[in-house]
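# Summary of the model geometry
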Amino acid sequence: MPTLAVIFCETRPHPAEPAPPADWTGEARFLLDPPGDLLAALQAAQIGDRGHPDDLSVQVSAEALFEDGEIIGRTTLSAADLATLTPHLPEQHHARLLAWAAFVYALEGQGLEARLVVWFVR
């Protein structure tokens, strides 16, 4: 069972054609306790273990690189994925997921791409 759930929100400006996309930047770090609730919900919603993209921000890459424990359950989520995930979590976590989604949608409303990078430590 994981001892920690790590959720990072990353953003970058929407790519302008024909310029290459900008680098991702870490915006915020979220935690959820107990972490097993989130891991089980990701598996139940069939959106877990998607892996991480190759273009992680420097902040997130460094966090993962220097993590003390074993990293499991790597996945990346959009704000829309949180709506898929919510029914699979205990009700005590619903307000937190709504807040995460609101944060991501607010960033997207400012012309940014946003995503949540998730992993678990055991």
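Values in this document were obtained by computation on a predicted structure and should not be read as measured data. (Residues numbered from 1 in each chain as written. Predicted model: local features only at pLDDT ≥ 70, side-chain atom pairs only at ≥ 80, totals over all residues. Heavy atoms only, no water.)

## Details of the confidence of the model for the protein chain
A residue-level look at the protein chain finds 99% of positions with pLDDT of 70 or above and a mean pLDDT of 92. The lowest-confidence element of the protein chain is helix α2 (residues 58-65), averaging 88 in pLDDT; the highest-confidence one is helix α1 (residues 35-44), averaging 96. (pLDDT = per-residue confidence, 0-100. Helix = DSSP H or I, 4+ residues; strand = E, 2+ residues; numbered from the N terminus.)

## Re the nonpolar core
In this structure, I7, L38 and L85 are the most contacted members of the largest nonpolar core, which totals 28 residues. Setting aside its immediate chain neighbours within four residues, L38 contacts A5, I7, L32, L85, L89, V118 and F120. Grouped together as the second largest cluster of nonpolar side chains are nine residues, V6, V60, V117 and W119 included. (Core = buried A, V, L, I, M, F, W, Y, C linked by side-chain atoms within 4.5 Å. Buried < 20%, exposed > 50% of the residue type's maximum accessible area, 1.4 Å probe, protein only. Contact = heavy atoms within 4.5 Å.)

## Concerning the sheet that holds strand β1 (residues 4-13)
Spatially, four strands are ordered β2-β1-β4-β3 in an open sheet, and the strand pairing comes out antiparallel. Two strands close off the open sheet at either side, each with one partner strand: β2 (25-31) and β3 (71-77). Direction aside, neighbouring strands of the sheet carry axes that sit 20° apart on average. The pairing of β1 with β2 spans six bridges and is classified as antiparallel. Opposite C9, over in β2, you have A28 as the bridge partner. (Pairing = 2+ DSSP bridges. Axes fitted to C-alpha atoms, helices over the stretch in contact; angles between N-to-C directions.)

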